[in-house]
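One letter stands for each residue in the lines below.
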Amino acid sequence: MRAFCAQRLRRDRSDKLSARVRRVLVKSLYTQPSSLAIGAVTTVAAGCAAAWVEQLPELYIACAVLTVIATARVTAALGLSPDSNSTSTNMLELIYEVGAFSYAFVLGLMGAMTIWLGASAEVTVLMVANALCYGVGVAARNAGRPSIAIGQLTLVCIPIIFACLSTGSVALIALAITIMLLIPAMMSIALNIFKTLRESIAAAETSAQLADKMQHLARTDVVTGLANRAGLNHAMVETMMAVDDDSRRALVWIDLDRFKEVNDLLGHPVGDRVLSEVAKRLKDVCPEGSTVSRFGGDEFVLFCPIESRKQAELIASEIHAEIMRPVRIEADRLEVRASLGVALLPEDGKDADTLMQSADLALYHAKVGGRAQTRFFDKTMTRDLVRRREIEDELRAALQRDELSIFYQPIVDLETGKIRCFEALIRWFHPEKGELRPDEFIPVAEETGVIVTLGNWITAQAARTAAKWPEDVSVAVNLSPLQIRAPGAALGIRNALREAGLDPSRLELEVTESLFIEDNHATANFIQELSAIGVKFALDDFGTGYSSLGYINTFPLSKIKVDRSFVSGAHVGRKSEAIIRAVAEMGSTLGMEIVAEGLETIEQVQTVREAGCTLGQGFYFSRAVPDYLASMLLAQERDGDLRQITG
């Protein structure tokens, strides 16, 4: 049964190919109608000349009939459109056959008439040669349809053969035999031409189909079946060339938040199934006439027609709602979040490249703004981009020109008032723009990768400075996740310690909670390697991220820094105090020190100390100061506490 089905499928494909080839060959009959007109003029002119010379009314009548047929054929060739699907192949072929066969027969009959009616030798040669040349020539021209080519040749030759045989003349009988031999010879030539044409057209058809298939594959994402980047670019260019100036379109750039965790924790097969489900949901909500593509990795792009900005907002909202619906993959229930950047045509760009850039910028701001949100492009984003690029270039130069400085803010023992540690904080004093805030240039450094060079420089500078302090005072350095993931990250820290001559136990590296979510494996290797030589690790900004107790128990953290929002934020109260107390109790149980950040008043200091915090940091004790002032603060401790905090 399977073999029968396969055979039938091959036969169907062969039939379809034959039909397409036949259509092409029939269309060839209608090409160059001027050749039909030229042939008709010459044969009619020859017939009229023969009739005039011999004054034979039969030839005049034949010329008139031939003229009518020729006119009808040329008119049909000019009027019918073989490229139009409204006229079937059979109809095209039938119309051509009627005209071709009648024309050939009348032309052959005119040649035969000159023999039957005893015309002069010159006239007989003119008409017979004219008819035979037409038959031979048309056999080659119409070889695409052998039945027509052979039929015309036969209809031209048969009247002449009969006329020659009926005279009884040896010469004419010999001519009849010659013409009879001509027919199979030309049939063979016509069939060979037909075979060559058919094979060439079939090969071209197959090549074209293969090319179309390869082109389709090249523009299709194999995982989701959506258009890929090349497919999107093609669709956008084709669409934008076809639409008028008043048309409006929206380009929605979608980035799945933290999708890497799905691949890392559940494997790529599950990740692919999630991508396929997201693709299906996007196709369900997109308007008719849209192009939905997987742009790469965990990014999708939707290019769709809209009537107004409000409709674009509605589409973006529906996309968010669809993606946020839980995805069930076998026993796993996954919650996917997405950030969206939207650009509108023509407001945000009149060509594909500009529109893509605008949507990309909008997506960037959506992710920087906290993820899982939608941002529409506006012109200020372009100014921000220019500003970021300017900062990137100047930051690289600042590292070479020593425009960057390290300031140190003390971390104080809340019981003794002694400085236990200094946190190293980067400062940039631009020669023209003045001081630039870290929150202005650190994100740019992280985006561009400059943070790796910058982070290594900060660690080296802080280690050299701390080596001059008393041995009971340590230095804390903030690390970016990008710096930790960089190749040789731990080696860079070890080199900084060795070159500064600083005991590894006097270096504290502060990391944030997001680090453990994004790359557990790399983080674990980094922390384990440096912990083995004595470097300490502190968890910074605790309470603002995921606050999972799992990694506190897993990694060798020696210190937790409670975020300043629990100490001096707008929502400080009984709940925040309870949270601080709970964290302090946990730290005491685990043998970890708890640092309260953002202390500005004596009341705040007393509150966090009573809650169980062991260390404090904030303006109440000191702002961040240059290295020489940090040394002065340490020297002052010989004469008394930094601040009397016992109240």
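Residues numbered from 1 in each chain as written. Predicted model: local features only at pLDDT ≥ 70, side-chain atom pairs only at ≥ 80, totals over all residues. Heavy atoms only, no water.

Visitor: I'd love a proper account of the pairing of strand β1 (residues 248-257), names of residues and values included.
Guide: Where burial is concerned, most of β1 is hidden: nine out of the ten residues are buried. Bridge analysis of β1 against strand β3 (residues 299-306) gives eight bridges, and the strand direction is antiparallel. Among the inter-strand pairings, Ile254 is bridged to a residue of β3, identified as Phe300. (Buried < 20%, exposed > 50% of the residue type's maximum accessible area, 1.4 Å probe, protein only. Helix = DSSP H or I, 4+ residues; strand = E, 2+ residues; numbered from the N terminus. Pairing = 2+ DSSP bridges.)

Visitor: Account for the side chain of Asp413, naming residues and giving values.
Guide: Take Asp413: it is sitting in strand β8 (residues 404-413). Among the polar contacts made by the side chain of Asp413, one reaches the main-chain amide nitrogen of Thr416 at a distance of 3.4 Å. Reaching out from Asp413, the side chain makes a polar contact with the side chain of Arg420 at a distance of 2.8 Å. (Polar contact = N/O pair within 3.5 Å; in protein donor to acceptor, adjacent residues only side chain to side chain.)

Visitor: Lay out the nonpolar core in plain terms, naming residues and giving numbers.
Guide: Grouped together as the largest cluster of nonpolar side chains are 74 residues, with contacts concentrated most on Leu454, Leu509 and Phe526. Per-element accounting of this core gives the leading share, eight residues, to helix α15 (residues 450-466). Among all residues touching Leu509, those that are not within four sequence positions of it are Val477, Leu479, Ile493, Phe526, Leu530, Val535, Lys536, Phe537 and Ala538. Listed in part, the 40 residues of the second largest apolar core include Val44, Ala46, Tyr103 and Ile160. (Core = buried A, V, L, I, M, F, W, Y, C linked by side-chain atoms within 4.5 Å. Contact = heavy atoms within 4.5 Å.)

Visitor: Provide a residue-level description of the packing of helix α21 (residues 574-590) against helix α22 (residues 602-611), including the pertinent values.
Guide: Where α21 meets α22, the axes come as close as 8 Å, and the angle between the chain directions of the two elements is 45°. In terms of axis orientation, α21 runs oblique to α22. When α21 is examined against α22, the residues Glu577, Ile580, Arg581 and Ala584 are found in contact with a partner set consisting of Thr607, Val608, Glu610 and Ala611. Among the residues forming the contact of α21 with α22, the class breakdown is four nonpolar, one polar and three charged. (Axes fitted to C-alpha atoms, helices over the stretch in contact; angles between N-to-C directions. Parallel < 35°, antiparallel > 145°, perpendicular 65-115°, else oblique. Nonpolar A, V, L, I, M, F, W, Y, C, P; charged D, E, K, R; others polar.)

Visitor: How would you sum up the pattern of salt bridges? Please name residues and give values.
Guide: With the rule as written, the count across this model stands at 13 salt bridges. Across the salt bridge formed by Glu435 and Arg427, the nearest N and O atoms sit 3.8 Å from each other. With relative accessibility at 47%, the residue Glu435 sits in the partly exposed group. Residue Arg427 is classed as buried on the basis of its relative accessible area, which comes to 18%. Note that Glu529 and Arg494 form a salt bridge whose closest N and O atoms lie 3.5 Å from each other. Of this pair, Glu529 sits in helix α19 (residues 520-531) while Arg494 sits in helix α17 (residues 489-500), and the two are 35 residues apart along the sequence. Since its relative accessible area comes to 36%, Glu529 is described here as partly exposed. In this structure Arg494 comes out as partly exposed when scored by relative accessible area, which is 35%. (Salt bridge = Lys/Arg side-chain N within 4 Å of Asp/Glu carboxyl O.)

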